[in-house]
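Examining the three-dimensional arrangement
One-letter residues, chain by chain:
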Amino acid sequence: MSKYSILVINGPNLNLLGTREPGIYGAGTLQDLTANLDKVAAECGVSLEHFQSNHEGQIVDKIQSALHRHDFLLINAGAYTHTSVAIRDAISGVSIPFYEIHISNVHSREPFRHHSYLSDKAVGVIVGFGLKGYEYALRAAVDYLHKQNH
């Protein structure tokens, strides 16, 4: 059994990875992403749960259900990053450390993407590294958990 459990949450439209604006988001699919993360998790000795939803309330419910089940969250809230006080409040309510992830560099895009309701609550924010950013976040989460528990 893995010592740590990490929940990976992907928000709206991330189910379209590989076909949605590949010039911005790349050619990798959500299935490619989850397969790679599962491989890295096995290497790191942690368990992962993957979740994707286009619905804000389902994301809130999933975050709430993570309490006492997961040690860390990796979250790409997609467009909800810039609009959702509900997701922010859910994260605050469970007090589980998390990394905020964005595939593209949101700071080089439209001005409305420059504000995040999550960043100030996050342990860290990873932007602009494509799907590789998830792997960076996962490895950083494992390091964080080891440091917090030793």
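Please refer to the structure placed before this passage.
A brief look at the structure comes next. (Residues numbered from 1 in each chain as written. Predicted model: local features only at pLDDT ≥ 70, side-chain atom pairs only at ≥ 80, totals over all residues. Heavy atoms only, no water.)

A look at the environment of His-107
The test is simple: Helix and strand assignments come from DSSP, with helices taken as H or I runs of at least 4 residues and strands as E runs of at least 2, each series counted from the N terminus. Should any heavy atoms of two residues lie within 4.5 Å, those residues are counted as being in contact.
In this structure, His-107 sits in the loop between strand E4 (98-102) and strand E5 (124-127). Once the C-alpha coordinates of His-107 and Gly-128 are considered, the two residues, 21 residues apart in sequence, prove to be 8.9 Å apart. With near-sequence residues (within four places) excluded, His-107 lies in contact with His-114 and Val-127.

As for unusual backbone geometry
Convention followed: Here's how the labels work: a residue is buried when its accessible area is under 20% of the maximum for its type, exposed when over 50%, partly exposed in between, all with a 1.4 Å probe on protein chains only.
The phi dihedral of Asn-13 is positive, around 75 degrees, even though this residue is not glycine. Topologically, Asn-13 is positioned in the loop between strand E1 (4-10) and helix H1 (22-25). For Asn-13, a relative accessible area of 33% corresponds to the partly exposed category. One non-glycine residue, Ser-95, lies in positive phi territory at about 55 degrees. Looking at the secondary structure, you find Ser-95 in the loop between helix H4 (85-94) and E4. Judged by relative accessible area, Ser-95 falls into the exposed class, the value being 61%.

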